[in-house]
Amino acid sequence: MRPAGWLPLALLSVGIVSAFQSTGLSPTGGRVVGAVGCTVVLPGPDHIDTTGFVRWEYKQNENDTELTVVLYYVASRELDILPEYKDRVVFSMSNWSLGLKLQLADRGLYRLRRQEEEKSGKWIQLEVIEPLSKPKLFRNSSLAGSTIEMVCNVTVGRVDSYQWRKDHKPLPKYGHYQLSRNNSVLLIVNATQADSGSYLCKVTNEVSENETSLELTINDASAVVSNGVILGVAVITAVVILVIADGNLYSE
């Protein structure tokens, strides 16, 4: 059974989202990573052994001298929670851990301090990261012989890595395909019809991943010109026929 005062961890579905990850996390310090909108749990101490107050404190960074008291607890009394955290915080009275539904502004340093600890207590670094939106793919051309630039654009979240695939396989490792701008742009140099296919861009960060694909068909430049000439001739012919027909109508 779950102890009283707990909320279930929330999963935010934007592509694939990991709601909570930790690196070197322990009850005395470490680093916690979570996604905006999800709930993370900052651990309490190894032993519950105080008769005085307990409070969770926050500061923006190591050099910040101003402390914010997020939550203040004394046994047998009502919790005192900072208003901006009130609807997003769950305090476990059984182990003094702090559950927090994350906003981007929550990133910073947190620690649990008991009355007898004075200024001691290890800080926990909380990283809050936005899940990535679905990327969009744009291309500048589809003509054979041209250099095609394909851009993978993400509007929400910070991308840590871009991965490209063609027809569900990694891109061939030679100069025909080139990556730039932190791999967010794929260049196909001197494109041929063999470059036609499905291109996929996958983006990832610490809390999420997402992907999108684009179907590319390479057109022969000479065929495009030929089709354009044929269309132009057809239009001119149609205009001439209309003019002749119009003249015949008036001559009657």
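A few points on the structure. (Residues numbered from 1 in each chain as written. Predicted model: local features only at pLDDT ≥ 70, side-chain atom pairs only at ≥ 80, totals over all residues. Heavy atoms only, no water.)

## Re the pattern of salt bridges
Moving on, step 1. Scanning all chains against the criterion turns up eight salt bridges.
Moving on, step 2. With its nearest N and O atoms 3.0 Å apart, the salt bridge here joins E57 to R113. Taken together, the residues span a long stretch of sequence, with E57 in strand 5 (residues 54-59) and R113 in strand 10 (residues 108-114) at a distance of 56 residues. In this structure, E57 and R113 share a single accessibility class: buried. (Salt bridge = Lys/Arg side-chain N within 4 Å of Asp/Glu carboxyl O. Helix = DSSP H or I, 4+ residues; strand = E, 2+ residues; numbered from the N terminus. Buried < 20%, exposed > 50% of the residue type's maximum accessible area, 1.4 Å probe, protein only.)

## A look at the packing of aromatic side chains
Moving on, step 1. Applying the stated rule across the entire model yields three aromatic pairs.
Moving on, step 2. An angle of 25 degrees between the planes, with centres 5.3 Å apart, marks the rings of F53 and Y72 as stacked. Residue F53 is located in the loop between strand 4 (39-42) and strand 5, and its partner Y72 is located in strand 6 (residues 68-73); the two are separated by 19 residues in the primary sequence.
Moving on, step 3. In this structure F53 comes out as buried when scored by relative accessible area, which is 15%. (Phe/Tyr/Trp six-rings, centres within 6.5 Å; stacked < 30°, edge-to-face > 60°.)

## Quick look at the sheet that holds strand 4
Moving on, step 1. Strand order in the open sheet formed by three strands is 4-9-8, with antiparallel pairing between adjacent strands. In the strand order of this sheet, the two ends are held by strand 4 and strand 8 (89-91), each with one partner. Taken over all neighbouring pairs, the strand axes of this sheet differ in orientation by 20 degrees on average, direction set aside.
Moving on, step 2. Where strand 8 and strand 9 (residues 98-101) come together, three bridges link them in antiparallel fashion. Note that in strand 9 the partner of F91 across the bridge is L98. (Pairing = 2+ DSSP bridges. Axes fitted to C-alpha atoms, helices over the stretch in contact; angles between N-to-C directions.)

## Structural notes on the nonpolar core
General note: in soluble globular proteins, nonpolar side chains tend to be found buried as a group.
Moving on, step 1. Ranked by internal contacts, the top residues of the largest apolar core, which has 22 residues, are W56, L71, Y85, Y110 and L126.
Moving on, step 2. For this core, the secondary structure elements donating two or more residues are strand 4, strand 5, strand 6, strand 8, strand 9, strand 10 and strand 11 (124-129).
Moving on, step 3. Core analysis: the next-biggest nonpolar cluster, separate from the first, contains 20 residues, C152, V159, C201 and L216 among them. (Core = buried A, V, L, I, M, F, W, Y, C linked by side-chain atoms within 4.5 Å.)

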